[in-house]
Amino acid sequence: MRKIVIRDKKNISPFNEPARELRVMNKPLWLNQRDVLSSYCEQELEISDLAQMPDDRVETIIYRDNLYFDQEFVDVFIERARKLGKACRAAFSSEDKAISTHALLLQRGIRREHEHEDEPYVADLWYLPFGKDPNVRPLIIDTEPKEHGYYRVPSYMANESGDLTYWIPVRGSFMSIEHWVHLYEANCIFGLFARGVRTEQRMARDLGFKMRGLWRAMLERRHVLRSSVAVTVGKGTIIDPAATIIGRTTIGENCFINAGVVIDNCVIGNNVNLGQDVQLSLSVVCDRCFLPFRASLFMTTLMENSIVAQNTCLQMCVIGRDTFIGAGNTFTDYNLLSDPVKVFNRDELVSLDMPVLGGCVGHNCRLGSGLIIYPARTIESDSILFATPERMVVPKNINYEDSDHLKLKDGAKKHPRKYGAAQNEW
């Protein structure tokens, strides 16, 4: 099979970089797509528009490079498409709670073509068994969503939609990455949460898998969730005996995990250093990151080469690469008046109908100690913030032009800009 990739050059704010370069489950999006399709495709071609597709009769899969899809989704889509034997594209029912609740927010890539209520949502993923074909049919994929809560909270924290729960796509994850919120959802909800729920269901349905897990846990004298069935550790990684690691967790190569560290259902990249008493839950920590003692992440994505210093707490956040978050910073995630969180999308303030959401920091940023960042605020790539009596609290989005280092003599030369301005065009 041949794959054709449609390039999406739209930059994602505040990173100021196309989605294909941003990390999901510790892989750049383009690499995740390549790995997922590697067992199906031998050829690859990049185009900027569907009109550039070759006019031949080669079995082809086409997708836009800002899409996140996992192995489970691709396996189901290709199996059903080949069985159908006709040109088709990925589609979703309006009754699919995982898609309608999470994937449709702040995006245009998953859409109805004619805005009829009974029409399915279609996405930019096509299967063409005999090359170019004008008669493409929607192929509805049921993600088999399952409602799942993420922690118990008092009832007053729930919004009009009900308790704090997510709809997890059990059969396969799919999302169009067009906003930083989609990175949070792809990593935590459609990534880590989905992976954990699928493992639970397999343990319940597959007796052989369950017995292998119990046998291995007995041999290792550990609980099943702490055994090698649920926790995968790469070569050269050193783990202090006083650390607590609960699956399903993946840890890369050459990591150092110190005493008192607690890791619960996370992805840890290669060459990661976790100091004493670091706590990670439902988070993705990418390659070469460093967290000194008592740093905490909850449902947070930390991209490569970044540092989160001691006593800093990040909840439901996304942090770009090469970024330093100083000691004692707090990213708040809850509006005290229980109003839904709002974010900027294409220069408009949009309500997410979400009672809790953290913030987002771009690439190559430096944040001093002791800052308090309001929920859903963003800090643009290449920015530097000092904690001063005039600004200890960050109540609004920070653009590069607001960066404190630009106020200093030769500040722009000492910390030059690497990532250009965001582009909001579709």
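Everything numeric here is computed off the predicted structure, so don't read it as measured data. (Residues numbered from 1 in each chain as written. Predicted model: local features only at pLDDT ≥ 70, side-chain atom pairs only at ≥ 80, totals over all residues. Heavy atoms only, no water.)

Engineer: I would appreciate a short explanation of the overall build of the chain in the present structure.
Structural biologist: Of regular secondary structure, the chain possesses 6 helices and 40 strands. In terms of overall size, the chain behaves like a compact globule, its C-alpha atoms giving a radius of gyration of 22 Å where 426 residues would be expected to give roughly 22 Å. In terms of its C-alpha atoms, the chain occupies a principal-axis envelope of roughly 65 × 55 × 45 Å. Buried residues in the chain amount to 53% of all 426 residues. A separation threshold of at least 6 residues defines the contact pool for the chain, and within that pool the share at least 24 residues apart is 52%. Total accessible area computed for the chain in this model is approximately 19400 Å², and 50% of it derives from carbon and sulfur atoms. Charged side chains of the chain number 52 positive and 55 negative; the gap between the two group centres comes to 5 Å. (Helix = DSSP H or I, 4+ residues; strand = E, 2+ residues; numbered from the N terminus. Rg over C-alpha atoms; globule rule 2.2 N^0.38 Å. Buried < 20%, exposed > 50% of the residue type's maximum accessible area, 1.4 Å probe, protein only. Contact = heavy atoms within 4.5 Å. Areas by Shrake-Rupley, 256 points an atom, 1.4 Å probe, with all protein chains shown as cover. Lys, Arg positive; Asp, Glu negative; His and termini not counted. Charge placed at Lys NZ, Arg CZ, Asp CG, Glu CD.)

Engineer: Is there a simple way to think about the pairing of strand β9 (residues 88–92) in this case?
Structural biologist: Along a regular strand, successive side chains alternate from one face of the sheet to the other. Of all the 5 residues making up β9, 5 are buried; the element is thus mostly covered by neighbouring parts of the structure. Where β9 and strand β10 (residues 121–128) come together, 4 bridges link them in antiparallel fashion. Opposite Cys88, over in β10, you have Tyr127 as the bridge partner. Taken together, the 4 bridges between β9 and strand β11 (residues 137–140) define a ladder with parallel strand orientation. Across the sheet, the residue bridging to Ala91 is Ile140, located in β11. (Pairing = 2+ DSSP bridges.)

Engineer: Honestly, unusual backbone geometry in this entry has me stumped. Any pointers?
Structural biologist: As a rule of thumb, non-glycine residues mostly have phi less than zero, and peptide bonds are mostly trans rather than cis. Between Ser13 and Pro14 the backbone carries a cis peptide bond, its omega angle lying at 5 degrees. Cis geometry is found at the peptide bond from Gly247 to Arg248, where omega equals 5 degrees. With respect to the element layout, Arg248 can be found in the loop between β17 (244–246) and β18 (249–251). Located in the positive-phi region is Glu144, a residue other than glycine, with phi close to 50 degrees. Of note, Glu144 is situated in the loop between β11 and β12 (145–149).

Engineer: Help me understand the confidence of the model for the chain in this model?
Structural biologist: Parts of the model with low pLDDT should not have their predicted coordinates read in detail. On average, residues of the chain carry a pLDDT of 91, and 95% of them reach 70 or more. Long-range and interchain partners of residues 422–426, a stretch whose pLDDT sits below 50, account for 17 contacts in this model, where long-range means more than four residues apart. (pLDDT = per-residue confidence, 0-100.)

Engineer: Hey, could you run me through the sheet that holds strand β20 (residues 262–264) in this one?
Structural biologist: Hydrogen bonds between backbone groups are what pair the strands of a sheet, and the pairing can be parallel or antiparallel. Spatially, the 8 strands line up as an open sheet ordered β17-β20-β23-β26-β29-β32-β37-β40, and their pairing is parallel. Strand pairing shows two members of the sheet lacking a second neighbour, β17 and β40 (393–394), which therefore form its edges. Here 3 bridges tie strand β23 (residues 279–281) to strand β26 (residues 296–298), and the two strands are oriented parallel to one another. What sits directly across from Gln279, in β26, is Ser296.

Engineer: How do you make sense of the environment of Glu72 when you look at a structure like this?
Structural biologist: Within the secondary structure, Glu72 sits in helix α2 (residues 71–84). You can call Glu72 partly exposed: its relative accessible area is 35%. When the C-alpha atoms of Glu72 and Ser173 are compared, they prove to be 7.4 Å apart, with 101 residues separating the residues in sequence. When residues no more than four places from it in sequence are discounted, the contact partners of Glu72 are Arg171, Gly172 and Arg198.

Engineer: I'm lost on the nonpolar core in this one. Help?
Structural biologist: Looking at soluble globular proteins, one finds that nonpolar side chains tend to be buried together. Ranked by internal contacts, the top residues of the largest apolar core, which has 77 residues, are Phe77, Tyr184 and Leu357. If one sorts the elements of this core by residue count, helix α4 (residues 180–205) sits on top with 12 residues. Phe77 has contacts with Ile61, Arg89, Ala90, Leu125, Trp126, Tyr127, Leu139 and Ile141, leaving out every residue within four places of it along the chain. With 35 residues, the next largest nonpolar core counts Cys255, Ile268, Leu302 and Cys365 among its residues. (Core = buried A, V, L, I, M, F, W, Y, C linked by side-chain atoms within 4.5 Å.)

Engineer: In this structure, what is going on with the sheet that holds β18? I would like to understand it.
Structural biologist: Pairing in this open sheet of 8 strands is parallel, and the strands run β15-β18-β21-β24-β27-β30-β35-β38 from one edge to the other. This sheet does not close on itself; its edge strands, each paired only once, are β15 (231–233) and β38 (378–379). For strand β30 (residues 318–319) and strand β35 (residues 360–361), the ladder comprises 2 bridges, and the chain directions are parallel. Among the inter-strand pairings, Ile319 is bridged to a residue of β35, identified as Val361.

Engineer: Honestly, helix α5 (residues 207–220) in this entry has me stumped. Any pointers?
Structural biologist: The periodicity of an α-helix, 3.6 residues per turn, causes residues three or four positions apart to be oriented the same way. Its 14 residues place the ends of α5 20 Å apart at the C-alpha level, agreeing with the 20 Å of an ideal helix rising 1.5 Å per residue. Among all positions in α5, only Phe209, Gly213 and Ala217 are buried. Buried residues of α5 fall within an arc of 70 degrees about the axis and therefore sit on the same side. Projecting away from the buried face of α5 at angles above 90 degrees are the exposed residues Leu207, Trp215, Met218 and Leu219. Looking at the buried residues of α5, the elements they touch are α4. The opening residue of α5 is Asp206, an N-cap whose side-chain oxygen sits 3.1 Å from the backbone nitrogen of Gly208. One or two steps after α5, the chain reaches Arg221, where phi turns positive at roughly 55 degrees. (Expected span 1.5 Å × (residues − 1). Arc of directions from axis to C-beta. Polar contact = N/O pair within 3.5 Å; in protein donor to acceptor, adjacent residues only side chain to side chain.)

Engineer: I tried to follow the packing of α4 against α5 on my own but got confused; where do I start?
Structural biologist: Describing two packed helices takes the angle between their axes plus the distance from one axis to the other. For the pair α4 and α5, the least separation of the axes is 5 Å and the interaxial angle reads 100 degrees. Taken together, α4 and α5 sit at an angle that is classed as roughly perpendicular. Contacts between α4 and α5 involve Thr199, Arg202, Met203 and Arg205 from the first element and Leu207, Phe209, Lys210 and Arg212 from the second. In the contact of α4 with α5, the residues fall into 3 nonpolar, 1 polar and 4 charged. (Axes fitted to C-alpha atoms, helices over the stretch in contact; angles between N-to-C directions. Parallel < 35°, antiparallel > 145°, perpendicular 65-115°, else oblique. Nonpolar A, V, L, I, M, F, W, Y, C, P; charged D, E, K, R; others polar.)

Engineer: Sorry, what's going on with the state of the cysteines here?
Structural biologist: By definition, a disulfide links two cysteine residues through a covalent bond between their sulfur atoms. Applying the stated criterion across every chain, the model contains 0 disulfides. Between Cys266, a cysteine without a disulfide, and Cys188, which holds the nearest cysteine sulfur, the sulfur-to-sulfur distance is 9.0 Å. On the accessibility criterion, Cys266 (0% relative accessible area) is buried. (Disulfide = S-S within 2.5 Å.)

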